[in-house]
Amino acid sequence: MGTAASGVPSRGLFVIELVFALLITRIPYLSVPFKWFESYFHELSHGIATILSSGIVSHIQLFPNGTGFCFSQGGAPLLIGFAGYFGAACWGYLIYLLATWPKGIRVSFALLGALVVLSGLLWGRDLLTLAILAVLTIILLLPLRLSQNKILTQFLRIIGLMIMLNALASPTVLLGLGQGDAVMLAERSWIPAWIWVGMWLLSSICALYFAWRRVDKAANG
């Protein structure tokens, strides 16, 4: 059902994996570690945007319920605020693309694991955040013990899809709240919070669409 040579699944397998990823994100307890991935890449994106706009990142903080904070000084507030949900969707798509590279699948897992470890060393301060980052590292590095690259590529594709799906669902909880990235951006830009939420939703939908286009293009030869 998948294209073994390229690592790109068939259209049917893509739909199956997407539904499977969606189901996992809805299962209590089982979904928690994968929500941490979206939260991690959300805060990591805040941190990267801070550095790119000449700011300084103090530390990041992650919580068991999938929320988090990036503590920083300076930088461009609009870029930093927008980068969280947008960046999580982009990371999900990038991870999905990496999963279509079978020859480098072990390198991809290793690099992602190293990224989590590095960000923990640089920006992890409290034991809870470090524990969550440790779990994410184990999820990324433990599959390397498997001998079949096909299983690795499929697992990484599902992780990428779950990150994109969580990035799609997460901004909706901001609607009606008096806090969060959308409210901060609205206060600084005079653009209503719901428009910022809409842009984040659109970016996540586009990420999923581009993943589908990757599959569809491969299927068409």
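For clarity, every value in this text was computed on a predicted model and none was experimentally measured.

## With respect to the overall build of the chain
Inference 1: Helix and strand counts for the chain come out as eight helices and two strands.
Inference 2: Starting at the N terminus, the α and β elements of the chain follow one another as α-α-β-β-α-α-α-α-α-α.
Inference 3: Expected size for 221 residues packed as a compact globule is a radius of gyration near 17 Å; at 17 Å, the chain falls within 12% of this value.
Inference 4: Dimensions of the chain along its principal axes, counting C-alpha atoms only, are 50 × 35 × 35 Å.
Inference 5: A burial count over the chain gives 47% of its 221 residues as buried.
Inference 6: Expressed as a percentage of contacts within the chain between residues at least 6 apart in sequence, the contacts between residues at least 24 apart total 72%.
Inference 7: Across the chain, the mean location of the 13 positive side-chain charges is 15 Å away from that of the 7 negative side-chain charges.

## Some words on the nonpolar core
Inference 1: Grouped together as the largest cluster of nonpolar side chains are 44 residues, with contacts concentrated most on Phe37, Tyr40 and Phe41.
Inference 2: Breaking this core down by element, the ones donating at least two residues are helix H1 (11-24), helix H2 (32-52), strand E1 (56-62), helix H3 (77-98), helix H4 (105-123), helix H5 (127-141), helix H6 (149-169) and helix H8 (193-219).
Inference 3: Per-element tally for this core: the top contributor is H6, with 10 residues.
Inference 4: Among all residues touching Phe41, those that are not within four sequence positions of it are Ala88, Trp91, Ile95, Leu112, Leu115 and Ile163.

## Description of the pattern of salt bridges
Inference 1: This structure, assessed with the given rule, holds three salt bridges.
Inference 2: In this structure, the salt-bridge partner of Glu17 is Arg157, at a minimum N-O distance of 2.5 Å. Taken together, the residues span a long stretch of sequence, with Glu17 in helix H1 and Arg157 in helix H6 at a distance of 140 residues.
Inference 3: Its salt-bridge partner being Arg213, residue Asp216 comes within 3.1 Å of it at the nearest N-O pair. In this pair, Asp216 and Arg213 are both assigned in helix H8, three residues apart and thus about one turn of the helix distant.

## Re the packing of H1 against H6
Inference 1: The N-to-C vectors of H1 and H6 enclose an angle of 60°; their axes lie 9 Å apart at closest approach. With respect to H6, the axis of H1 lies oblique. In terms of crossing hand, the pair formed by H1 and H6 is right-handed. Between H1, through Leu13, Phe14, Glu17, Leu18, Phe20, Ala21, Leu22 and Ile24, and H6, the contact on the second element is made entirely by Gln154, Arg157, Ile158, Leu161, Met162 and Leu165.
Inference 2: Class assignment of the residues belonging to the contact of H1 with H6 gives a composition of 11 nonpolar, one polar and two charged.

## Quick look at the packing of aromatic side chains
Inference 1: Scanning the model with the defined rule gives 14 aromatic pairs in all.
Inference 2: Here the aromatic rings of Phe63 and Phe69 are separated by 5.8 Å at their centres, their planes lie at 85°, and the arrangement is edge-to-face.
Inference 3: Judged by centre distance (6.0 Å) and plane angle (55°), the ring pair of Tyr93 and Phe210 falls under tilted. Of this pair, Tyr93 sits in helix H3 while Phe210 sits in helix H8, and the two are 117 residues apart along the sequence.
Inference 4: Classification of Phe210 by relative accessible area gives partly exposed; the value is 41%.
Inference 5: An aromatic cluster of at least three residues, connected via ring pairs, comprises Phe82, Tyr85, Phe86, Trp196 and Trp200.

## Thoughts on the side chain of Ser189
Inference 1: Note on placement: Ser189 falls in helix H7 (residues 181-189).
Inference 2: The buried category is assigned to Ser189, whose relative accessible area is 19%.
Inference 3: Reaching out from Ser189, the side chain makes a polar contact with the side chain of Trp196 at a distance of 3.3 Å.
Inference 4: Those residues in contact with Ser189, other than ones at most four positions away along the chain, are Leu78 and Trp196.

Reading guide: rules and limits
- Residues numbered from 1 in each chain as written.
- Predicted model: local features only at pLDDT ≥ 70, side-chain atom pairs only at ≥ 80, totals over all residues.
- Heavy atoms only, no water.
- Helix = DSSP H or I, 4+ residues; strand = E, 2+ residues; numbered from the N terminus.
- Rg over C-alpha atoms; globule rule 2.2 N^0.38 Å.
- Buried < 20%, exposed > 50% of the residue type's maximum accessible area, 1.4 Å probe, protein only.
- Contact = heavy atoms within 4.5 Å.
- Lys, Arg positive; Asp, Glu negative; His and termini not counted.
- Charge placed at Lys NZ, Arg CZ, Asp CG, Glu CD.
- Core = buried A, V, L, I, M, F, W, Y, C linked by side-chain atoms within 4.5 Å.
- Salt bridge = Lys/Arg side-chain N within 4 Å of Asp/Glu carboxyl O.
- Axes fitted to C-alpha atoms, helices over the stretch in contact; angles between N-to-C directions.
- Parallel < 35°, antiparallel > 145°, perpendicular 65-115°, else oblique.
- Left-handed = near helix turned anticlockwise from the far one by under 90°.
- Nonpolar A, V, L, I, M, F, W, Y, C, P; charged D, E, K, R; others polar.
- Phe/Tyr/Trp six-rings, centres within 6.5 Å; stacked < 30°, edge-to-face > 60°.
- Polar contact = N/O pair within 3.5 Å; in protein donor to acceptor, adjacent residues only side chain to side chain.

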